[in-house]
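# Geometric and topological summary
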Amino acid sequence: MLHAFFGGTFDPIHNGHLRPVEALVDEIGLNRVILLPNHVPPHRPQPEASPQQRLKMVELAIAGNSLFAVDDRELHRTTPSYTIETLETIRKERGKTLPLAFIIGQDSLLTLHLWHRWQALLDVCHLLVLARPGYNQQMNTPEMRQWLVQHRVTDTNLLRQQPQGYVYMAETPLLEISATDIRQRRHQGISCDDLLPRSVQRYIELQGLYR
Ligand code: ATP
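I will try to describe carefully the structure that is included in this document. Computed from a predicted structure; not experimentally measured.

Parameters at a glance
- Residues numbered from 1 in each chain as written.
- Predicted model: local features only at pLDDT ≥ 70, side-chain atom pairs only at ≥ 80, totals over all residues.
- Heavy atoms only, no water.
- Core = buried A, V, L, I, M, F, W, Y, C linked by side-chain atoms within 4.5 Å.
- Buried < 20%, exposed > 50% of the residue type's maximum accessible area, 1.4 Å probe, protein only.
- Helix = DSSP H or I, 4+ residues; strand = E, 2+ residues; numbered from the N terminus.
- Contact = heavy atoms within 4.5 Å.
- Near = heavy atom within 4 Å.
- Polar contact = N/O pair within 3.5 Å; in protein donor to acceptor, adjacent residues only side chain to side chain.
- Areas by Shrake-Rupley, 256 points an atom, 1.4 Å probe, with all protein chains shown as cover.
- 1 Å grid on protein atoms, 1.4 Å probe; cavity = no way out; pocket = protein on both sides within 12 Å on 5 of 7 lines; lining within 4 Å.
- Sits in = over half its atoms within 2 Å of the grid points.
- Nonpolar A, V, L, I, M, F, W, Y, C, P; charged D, E, K, R; others polar.
- Axes fitted to C-alpha atoms, helices over the stretch in contact; angles between N-to-C directions.
- Parallel < 35°, antiparallel > 145°, perpendicular 65-115°, else oblique.
- Left-handed = near helix turned anticlockwise from the far one by under 90°.
- Points joined across faces, edges and corners; volume = space filled by probe spheres on them.

## Quick word on the nonpolar core
The tendency in soluble globular proteins is for nonpolar side chains to be buried side by side. Grouped together as the largest cluster of nonpolar side chains are 37 residues, with contacts concentrated most on I13, L30, M57, I103 and L128. Elements supplying a minimum of two residues to this core: strand 1 (3–8), helix 1 (15–28), strand 2 (32–37), helix 2 (51–62), strand 4 (100–105), strand 5 (126–130) and helix 10 (198–207). In terms of residue count, the dominant contributor to this core is helix 1 (five residues). In contact with I13, other than residues within four places in its own chain, are L18, L35, M57, V58, A61, L196 and V200. Core analysis: the next-biggest nonpolar cluster, separate from the first, contains 27 residues, F5, L36, L100 and I104 among them.

Written as structure tokens, this is what we have:
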């Protein structure tokens, strides 16, 4: 039994999130993927959509797919929490033995050393890394390169046998889609067909988002 959490701003959620994660479910036999929309701290560039709108778009994107669920705990907080803190809370809730994973894209892996207490992440979960076009590069620092060598595995059975501690680089499909690009296309009145689910696109239009 392997449960994976997938954090993101999801401003908006798009096929570049969904397709690779669906492929990952098959690649390693994930039992559940729980999307975790972020509370964006005030000192960072703010999402264009409100927390409620970002949550609604995630709900629409996963509607009818029982493999997926959403955990909106970060959006209910009045203060932002670091990913490691959320994952530590989740680990406490689920007990010490359940295998847990956190999904990130390759771009996020490259900047992982800037995350608060990044080295503690593997004390509470595995990291599953989605391939992302343009980011298949060497890690930025010698420390990160060594960390990856120490923790990387290719045997997916290990991810189910151990509760945490491994990094798995997935061979998921490469989709050149980003939320930034979708917002820019909307600003310029360019079609976003095929970049995100129809239901999310319809919601964006009804709410007049990203204009
Ligand atoms: P933005 O363009 O606003 O930075 P984004 O498209 O990168 O947004 P986020 O919500 O910030 O989307 O991403 C959440 C997670 O999904 C991150 O770990 C990111 O690396 C990953 N991700 C986003 N788009 C892709 C993609 N096309 N392929 C693989 N991973 C992706």
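## Focus on the site of the ligand
If you check the shell around the ligand, you find 21 residues, and the closest are H14, D107, I177, A179 and T180. Contact between the ligand and R132: an oxygen atom at 3.0 Å from a side-chain N or O atom of the residue. Here a nitrogen atom of the ligand and a backbone polar atom of I177 are 2.9 Å apart. Considered on its own, the ligand offers 600 Å² of accessible surface; in the complex 85% of this is hidden by protein. Here the ligand occupies the largest pocket. Contributing elements (two or more residues each) for the shell around the ligand: strand 1, helix 1, strand 4, helix 5 (106–110) and helix 9 (179–187). Counted by class, the shell around the ligand contains eight nonpolar, ten polar and three charged residues.

## Quick notes on the packing of helix 2 against helix 10
In a packed pair of helices, the relevant descriptors are the angle between the two axes and the axis-to-axis distance. Running from N to C, helix 2 and helix 10 point in directions that differ by 150°, and their axes come no closer than 8 Å. Relative to helix 10, the element helix 2 lies roughly antiparallel. Between helix 2 and helix 10 lies a crossing of right-handed hand. Facing helix 2, whose interface residues are Q53, K56, M57, L60 and A61, helix 10 presents S199, V200, Y203, I204 and Q207. Per-class residue counts for the contact of helix 2 with helix 10 are six nonpolar, three polar and one charged.

## Focus: the layout of surface pockets
Size it by volume and the largest pocket reaches roughly 1,400 Å³. At the level of elements, strand 1, helix 1, helix 4 (83–94), strand 4, helix 5 and helix 9 are the ones that each hand at least two residues to the lining of the largest pocket. A per-element tally of the lining of the largest pocket places strand 4 first, with four residues. Tallied by class, residues from the lining of the largest pocket come to 25 nonpolar, 18 polar and seven charged. Of the pockets and cavities examined, the second largest pocket occupies roughly 200 Å³. In terms of lining residues, the second largest pocket is bounded by 14 residues, among which Q106, Y135, N136, Q137 and M169 are the most central. For the lining of the second largest pocket, the element with the most residues is helix 5, which contributes three residues.

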